[in-house]
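Report on the structure
Residue strings, one per chain:
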Amino acid sequence: MKIKALLFISIFTFLAACESQPKITATKATPAPNIVVTTKTSEEQLLRKDYVSTVDKETHQYFVYLPRGYANEPNKKWPVMLFLHGNGERGNGRDDLDYVISHGPLYEAWVQKKDLPFIIISPQLPIFTMGKVPYIANRTRAQIPQRLAEGVPAGDPFFATQGPLKPAPLVTQADMKKVAPLLPMGWEQVEQDLLGMLNDVQKTYNVDTSRRYLTGLSYGGFGTWYFASKHPELFAAIAPVVGWGHPDLMEPIAQHQLPVWAFAGGRDTSVDKKFFYPGLSKLEELGDKEVRFTVEEDMAHDTWKRVYARDDLYLWLLAHTTK
């Protein structure tokens, strides 16, 4: 009896213990929350690239700007812009190279942190015979604009303008042969170097070869016309700023139906707007279907400051591709 009683008590105790345990019931699995992985947009980069010049057989450097987000999209092809600076930024392509940052799209992208979606190639024209020009001989590194860690520096003031607004006197294509040279001495002398830079950048970086653009200011504007006339097939559109194009350069540009947007300053006493018309008229005469010409009538030679600070030029360039 004692054994039976003990057995009964043990079974009762076991059942009571089981009853007191929390019941485990099957429940539908709760889906894991969506995990959002955020990747920080890569910062823009300004790189120095070595090249051996065909002019003096020595090693020099040029700038390559990689836009914001470039490193995040290894499969994306980016538009490329070749920018030719003005006369005041010439140098030896080594310790002088920073002068190239002073103006134009590279200044806007790097110093003013304008979000330009281009790989920008920015070479430096050698000084050649220009070493005694006062604004080159007397310049100092203090004039070179600096990129700030936070924010952007105040922009350069515009040149003071003088004189009334006035129409451009007529200059014919025949007049141009008498009064104006084909182009000032400069970028035509480094044509092979520029081709080499373009080829090197295309091999090294993710370039959309259907969206190559060419622009330049002042001496670089003249250089833009020249280089486009020699290699019109390379570019989807060009934008010479305060540098006119000689009528004799226009035939290859028209044959390739290269879109052109030229800019002049109405009060520019260095590069008079009157000299733009013969070349642009020649382009239209030869059948180029997209020829734009904007004269900032209130501006002097530094019209480029307004042109490159706005968005419309960059949007216009990006709207064009080579076939």
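Residues numbered from 1 in each chain as written. Predicted model: local features only at pLDDT ≥ 70, side-chain atom pairs only at ≥ 80, totals over all residues. Heavy atoms only, no water.

Points about the overall build of the chain
Of regular secondary structure, the chain possesses 10 helices and 8 strands. Looking at the chain residue by residue over its 323 residues, the buried ones come to 49%. Surface exposure of the chain reaches about 17,200 Å², of which carbon and sulfur atoms provide 57%. (Helix = DSSP H or I, 4+ residues; strand = E, 2+ residues; numbered from the N terminus. Buried < 20%, exposed > 50% of the residue type's maximum accessible area, 1.4 Å probe, protein only. Areas by Shrake-Rupley, 256 points an atom, 1.4 Å probe, with all protein chains shown as cover.)

Structural notes on the side chain of Glu-191
Residue placement: Glu-191 occurs in helix α5 (residues 191–204). The side chain of Glu-191 is buried and forms no salt bridge, while Lys-230, the nearest opposite charge, is found at 5.8 Å. Look past the residues within four positions of Glu-191 in its chain and what remains in contact with it is Tyr-226, Phe-227, Lys-230 and His-231. (Lys, Arg positive; Asp, Glu negative; His and termini not counted. Salt bridge = Lys/Arg side-chain N within 4 Å of Asp/Glu carboxyl O. Contact = heavy atoms within 4.5 Å.)

So, the nonpolar core
In terms of nonpolar packing, the biggest core is built from 53 residues, with Ile-119, Val-201, Trp-225 and Phe-235 touching the most fellow members. For this core, the element with the most residues is helix α6 (residues 219–230), which contributes 6 residues. One finds Phe-63, Val-100, Ile-120 and Val-307 within the second-largest nonpolar core, a separate group that totals 33 residues. (Core = buried A, V, L, I, M, F, W, Y, C linked by side-chain atoms within 4.5 Å.)

What to know about the pairing of strand β8 (residues 291–296)
Bridge count between strand β7 (residues 260–265) and β8: 6 bridges; the pairing is parallel. Within the sheet, the bridge partner assigned to Ala-264 lies in β8 and is Val-295. (Pairing = 2+ DSSP bridges.)

Describing the sheet that holds β7
Spatially, 8 strands are ordered β1-β2-β4-β3-β5-β6-β7-β8 in an open sheet, and the strand pairing comes out mixed. This sheet does not close on itself; its edge strands, each paired only once, are β1 (45–52) and β8. Neighbour-to-neighbour, the strand axes of the sheet open up by a mean angle of 20 degrees, direction not taken into account. Sheet topology places strand β3 (residues 78–84) next to strand β4 (residues 119–122); 3 bridges connect them, and they run parallel. Bridge pairing in β4 links Met-81 to Ile-120. (Axes fitted to C-alpha atoms, helices over the stretch in contact; angles between N-to-C directions.)

What to know about the environment of Val-152
Along the polypeptide, Val-152 turns up in the loop between α3 (134–137) and α4 (173–179). Separated by 41 residues in the primary sequence, Val-152 and Val-111 place their C-alpha atoms 6.6 Å from one another. Other than its neighbours up to four places away in sequence, Val-152 contacts Val-111, Gln-112 and Lys-113.

Structural notes on the environment of Phe-263
Among the structural elements, Phe-263 can be located in strand β7. Here the alpha-carbon distance between Phe-263 and Glu-296, two residues 33 residues apart in the chain, equals 7.5 Å. Look past the residues within four positions of Phe-263 in its chain and what remains in contact with it is Pro-240, Val-241, Val-242, Gly-243, Phe-276, Phe-293, Thr-294, Val-307, Arg-310 and Leu-313.

Digging into unusual backbone geometry
With a phi close to 60 degrees, Lys-113 is a non-glycine residue in the positive phi region. As for its placement among the helices and strands, Lys-113 is situated in the loop between α2 (104–111) and β4. Here Lys-113 falls in the partly exposed class, since its relative accessible area comes to 22%. Positioned with a positive phi, Phe-128 is a non-glycine residue whose angle comes to about 55 degrees. In this fold, Phe-128 is placed in the loop between β4 and α3.

With respect to the packing of α5 against α6
Between α5 and α6, whose axes approach to 11 Å, the crossing angle comes to 75 degrees. When the axis of α5 is compared with that of α6, the two are roughly perpendicular. Contacts from Glu-191, Leu-194, Leu-195 and Leu-198 of α5 reach α6 at Tyr-226, Phe-227 and Lys-230. For the contact of α5 with α6, the class distribution of residues is 5 nonpolar, no polar and 2 charged. (Parallel < 35°, antiparallel > 145°, perpendicular 65-115°, else oblique. Nonpolar A, V, L, I, M, F, W, Y, C, P; charged D, E, K, R; others polar.)

Thoughts on α6
Quick reminder: α-helices carry 3.6 residues per turn. Residues three or four places apart thus point the same way. Helix length check: α6, at 12 residues, gives a terminal C-alpha distance of 17 Å against a target of 16 Å (1.5 Å per residue), a fit within 8%. Counting buried positions along α6 yields 11 of 12 residues, so the element is predominantly enclosed. Residues of α6 that are buried include every one of Tyr-219, Gly-220, Gly-221, Phe-222, Gly-223, Thr-224, Trp-225, Tyr-226, Phe-227, Ala-228 and Ser-229, and no others. (Expected span 1.5 Å × (residues − 1).)

Quick look at the confidence of the model for the chain
Put simply, the chain has an average pLDDT of 89, and 87% of its residues get 70 or more. Low pLDDT, under 50, characterises residues 1–32; the predicted model gives this stretch 0 contacts beyond four residues in sequence or across chains. (pLDDT = per-residue confidence, 0-100.)

Description of the packing of aromatic side chains
One pass over the full model with this rule turns up 14 aromatic pairs. Ring pairing ties together the aromatic residues Tyr-70, Trp-78 and Tyr-205, which thus form one cluster. Here the basic side chain of Arg-139 rests over the ring of Tyr-99, its NZ or CZ set 3.9 Å away from the ring centre. Above the plane of the ring of Trp-110 lies Arg-147, whose end atom (NZ or CZ) is 4.1 Å from the centre. (Phe/Tyr/Trp six-rings, centres within 6.5 Å; stacked < 30°, edge-to-face > 60°. Lys NZ or Arg CZ within 6 Å of the ring centre and 35° of its normal.)

Quick look at the pattern of salt bridges
Any two side chains of opposite charge can pair if their charged atoms end up close together. Going through the model one piece at a time under the given rule, you end up with 15 salt bridges. One salt bridge connects Arg-68 with Glu-44, and the closest N-O pair in it is separated by 3.2 Å. Taken as a pair, Arg-68 in the loop between β2 (59–66) and β3 and Glu-44 in the loop between α1 (2–20) and β1 lie far apart in primary sequence, 24 residues in all. For Arg-68, a relative accessible area of 30% puts it in the partly exposed group. Judged by relative accessible area, Glu-44 falls into the buried class, the value being 6%. In this structure, Lys-114 engages Asp-311 in a salt bridge whose closest nitrogen and oxygen atoms are separated by 2.6 Å. With a gap of 197 residues between them, Lys-114 in the loop between α2 and β4 and Asp-311 in the loop between α9 (303–309) and α10 (312–318) connect regions that are remote in the sequence. A relative accessible area of 46% means that Asp-311 is categorised as partly exposed.

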